[in-house]
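Residue-level structure breakdown
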Amino acid sequence: MPGRSEGHQREFFRLRLEYALCADMTIVLVKGKTMEIGSTQVLIDDIGAGGLRFLSHLKMPANDQLVLQFATELCGQALKMYGHVVRTIPWETDYYEYAVRFTMEEEQHLEINRMVNRLAIRYRQKRIATEGRFYKGDRLTFLKELAQASLSMRASEA
């Protein structure tokens, strides 16, 4: 059910989003070395001060040496979050669900926690969250279109 916290034992409250939140994901560090590569869109399904869960067409390992940046907008504010994948689960065919643990300063954790709590209150009041990059369509269709666009881009570069 949207708006409920996950049942796992967590340090922070985690909110399952009614609509997936679109974010631009970029690999920023690999084994301590800064990377400058492009970004791809992902769909964030839940979020809390300690981490998030997202869907992607890309396959990545669970590895604390791979630091990701997620850029999006939530509650009318631009938001950048950094973390590493702690769990990878196949989702549908050819797609993946990832759990990410944030690796940020305490102040950033608190700011995300404030936004998540604000959004949870809106859910309880039955108000639709519109201040953010929410995707209201089918998640699988989104990922298929993204994967196809990625293949087309690689083919045109070859």
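So, here is what we can say about the structure in this document. (Residues numbered from 1 in each chain as written. Predicted model: local features only at pLDDT ≥ 70, side-chain atom pairs only at ≥ 80, totals over all residues. Heavy atoms only, no water.)

1. As for unusual backbone geometry
Working note: non-glycine residues mostly have negative phi, and peptide bonds are mostly trans. Phi at Cys75 takes a positive value of approximately 55°, unusual for a residue other than glycine. Along the polypeptide, Cys75 turns up in the loop between strand S5 (66-74) and strand S6 (77-91). According to the relative accessible area criterion, Cys75 is buried, its value standing at 8%. Backbone geometry at Glu92 places phi at a positive 55°, although glycine is not the residue there. Position of Glu92 relative to the elements: it lies in the loop between S6 and strand S7 (95-102). Since its relative accessible area comes to 52%, Glu92 is described here as exposed. (Helix = DSSP H or I, 4+ residues; strand = E, 2+ residues; numbered from the N terminus. Buried < 20%, exposed > 50% of the residue type's maximum accessible area, 1.4 Å probe, protein only.)

2. Let's talk about the pattern of salt bridges
For the coordinates displayed, the defined rule picks out seven salt bridges. We note a salt bridge from Arg53 to Asp46, for which the minimum N-O separation is 3.0 Å. A relative accessible area of 12% places Arg53 in the buried class. One network of salt bridges, in which partners are shared, links Arg14, Asp45, Asp46, Arg53, Glu97 and Arg139. (Salt bridge = Lys/Arg side-chain N within 4 Å of Asp/Glu carboxyl O.)

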